[in-house]
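Letter by letter, the chains look like this.
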Amino acid sequence: MGLSERLTIIRHNFHMILSDPERKSVPRMCWEFLQCSVASRSLAIHYLTSFLYRRSINNIFDYVSRKEADEVQEKINDPKLSDIVSNKLSFLEHFERGGFPVPRLLGYNILGKMYLKIDHQWESAELSSPEKLKECMECLLESWGFEELFMKPIRGSQGSEAYKVTRDHLHKRTDMDNLYDSVSKNYFVFQEVVDQHPDLAILNPSSLNTMRIDTFRAPGTKAEILSAFLRVGGLGNWVDNTSAGGVFVGIHLESGKLKKVAMNLLHGSQIFGTFEANPVNGFVFEGYHVPLFREVKETVMRAAEYLPSALIGWDVAVGPYGPVLIEANCLYYGLTGCDMAYGGYKKNPVYKKVLAYLNKR
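Rules used throughout
Residues numbered from 1 in each chain as written. Predicted model: local features only at pLDDT ≥ 70, side-chain atom pairs only at ≥ 80, totals over all residues. Heavy atoms only, no water. Pairing = 2+ DSSP bridges. Helix = DSSP H or I, 4+ residues; strand = E, 2+ residues; numbered from the N terminus. Axes fitted to C-alpha atoms, helices over the stretch in contact; angles between N-to-C directions. Contact = heavy atoms within 4.5 Å. Core = buried A, V, L, I, M, F, W, Y, C linked by side-chain atoms within 4.5 Å. Buried < 20%, exposed > 50% of the residue type's maximum accessible area, 1.4 Å probe, protein only. Phe/Tyr/Trp six-rings, centres within 6.5 Å; stacked < 30°, edge-to-face > 60°. Lys, Arg positive; Asp, Glu negative; His and termini not counted. Salt bridge = Lys/Arg side-chain N within 4 Å of Asp/Glu carboxyl O. Polar contact = N/O pair within 3.5 Å; in protein donor to acceptor, adjacent residues only side chain to side chain. Parallel < 35°, antiparallel > 145°, perpendicular 65-115°, else oblique. Left-handed = near helix turned anticlockwise from the far one by under 90°. Nonpolar A, V, L, I, M, F, W, Y, C, P; charged D, E, K, R; others polar.

**Examining the sheet that holds strand 2 (residues 113-118)**
On the basis of which strands lie adjacent, the open sheet formed by six strands has the order 3-2-1-6-4-5 and antiparallel pairing. The open sheet has two edge strands with one neighbour each: strand 3 (121-126) and strand 5 (163-166). With strand direction ignored, the average angle separating the axes of adjacent strands in the sheet is 20 degrees. Along the sheet, helix 7 (residues 130-144) contacts strand 1 (105-110), strand 2, strand 3, strand 4 (148-153), strand 5 and strand 6 (187-191); its crossing angle with strand 2, the most-contacted strand, is approximately 15 degrees. Packed on one face of the sheet, helix 9 (residues 173-183) meets strand 1, strand 4, strand 5 and strand 6 and runs near 135 degrees to strand 5.

**A word on the nonpolar core**
Nonpolar side chains in soluble globular proteins tend to be buried together. Ranked by size, the top nonpolar core spans 44 residues in total, and within it Phe-95, Met-211, Leu-230, Trp-314 and Leu-325 carry the most contacts. When neighbours within four sequence positions are excluded, Leu-325 is seen to be in contact with Phe-91, Phe-95, Phe-100, Pro-101, Val-102, Pro-103, Thr-299, Val-300, Ala-303, Trp-314, Asp-315 and Val-316. Core analysis: the next-biggest nonpolar cluster, separate from the first, contains 37 residues, Ile-17, Leu-52, Ala-69 and Ile-76 among them.

**Structural notes on the sheet that holds strand 9 (residues 247-251)**
With antiparallel pairing, the seven strands of this open sheet are ordered in space as 11-10-9-8-7-12-13. Every interior strand has two partners, whereas the edge strands, strand 11 (274-275) and strand 13 (322-329), have only one. Here two bridges tie strand 10 (residues 258-263) to strand 11, and the two strands are oriented antiparallel to one another. Paired with Met-263 across the strands is Thr-274, a residue of strand 11.

**Describing the packing of aromatic side chains**
Taken as a whole and assessed by the stated rule, the structure comprises 16 aromatic pairs. Each ring, one from Phe-100 and one from Tyr-306, has its centre 5.2 Å from the other, and the planes form 55 degrees; the classification is tilted. Here Phe-100 is found in the loop between helix 6 (88-97) and strand 1, whereas its partner Tyr-306 is found in the loop between helix 11 (293-305) and strand 12 (310-319), with 206 residues between them in sequence. Taking relative accessible area as the criterion, Tyr-306 reaches 35% and is therefore assigned partly exposed. Ring geometry for Trp-144 and Phe-146: centres 6.3 Å apart, planes at 15 degrees, overall stacked.

**Re the side chain of Asp-339**
Here Asp-339 lies in helix 12 (residues 336-342). Look at Asp-339: it is buried, it has no salt bridge, and the nearest opposite charge is Lys-346 at 8.2 Å. A distance of 2.6 Å separates a polar side-chain atom of Asp-339 from the backbone nitrogen of Tyr-345.

**Considerations on the packing of helix 4 (residues 66-76) against helix 13 (residues 349-360)**
Each packed pair of helices is defined by two parameters, the angle between the axes and the distance between the axes. Across the interface, helix 4 lies against helix 13 with an axial gap of 11 Å and an inter-helix angle of 60 degrees. By the angle class used here, helix 4 and helix 13 are oblique. Crossing of helix 4 against helix 13: the hand is left-handed. Contacts between helix 4 and helix 13 involve Val-72, Lys-75 and Ile-76 from the first element and Tyr-351, Val-354, Leu-355, Tyr-357 and Leu-358 from the second. Within the contact of helix 4 with helix 13, the residues separate by chemical class into seven nonpolar, no polar and one charged.

**Some remarks on the pattern of salt bridges**
Taken as a whole, this structure holds 24 salt bridges when the rule is applied. Measuring nitrogen to oxygen at the nearest pair gives 3.8 Å for the salt bridge that ties Glu-142 to Arg-167. Residue Glu-142 is located in helix 7, and its partner Arg-167 is located in helix 8 (residues 167-170); the two are separated by 25 residues in the primary sequence. Residue Glu-142 is classed as exposed on the basis of its relative accessible area of 57%. Close ionic contact of Arg-294 with Glu-295 constitutes a salt bridge, the shortest N to O distance being 3.4 Å. Judged by relative accessible area, Arg-294 falls into the exposed class, the value being 52%.

This is a description of form; function is not addressed.
Pasting the structure below:
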């Protein structure tokens, strides 16, 4: 990203902040920004990105700065673990071998070479043209009896370059040309499309509405959950990321019910603000019970204990019959959403254990 583009984004964000009807006075914002910068020993960008400038936020020192979040993850999470867990191909293979519910892996590519699982055997093919890519994807759909598949970069975040591909797309020349251009220059996993629990589809049927759940496990101890929030996709979107116009709302861990207010982020927000009801369809968030939430927590806890000690951010869907582990994040992933959904991680009892563990090392 060039300097000019960065400056454009900064100007846009400041305009959004200053026009936010929920903001504090400018003198108070400046004073609190300075206080947070001193407290975190860094430029307190999180005062803006975590919306601490809003009148409803009085506990500004309970929130974690980006610098602090990165330092915590650097000290706890080994880069070698990130190589496995944050890689979507090895993530699927690792947890499938462990008997965990994950999307079915149908194939993957490395630049111009594609690997397909056909009749439970792996085959390879050269991706020499859009027509060859179409042939491979048709073969996958036919072999598995699917009408669509989901593909996403082996390395990537925020739903970037993730695609849902249907049989119809395969017969559109422009779609296949664009898809081939992307695939042949990158590496993707091709997987089964996860069906959504009908109770979650009420919130937004076009997107797979997933949860982000943070866990921490110190060596020799049981895993614990820090917090959870639910992402709800924007109008017409099939990804639920806030960077693509979605919103997120905290979940009460004991009851599995949603909190009162949903939020979004500065980047990617089509409608900026806080929401007591889904801006897509007016569905009221507070009190909604996430289906099978007890099973979700149990699955995430088992998954956290299937890994070495770490601080992990899990993306979890709920299918018709139970939870599905979508992804895991363990190094330099943003704690911002969880921090905001909880109301400040520094007052979180499990996050306090994270800091205590670091102080002993």
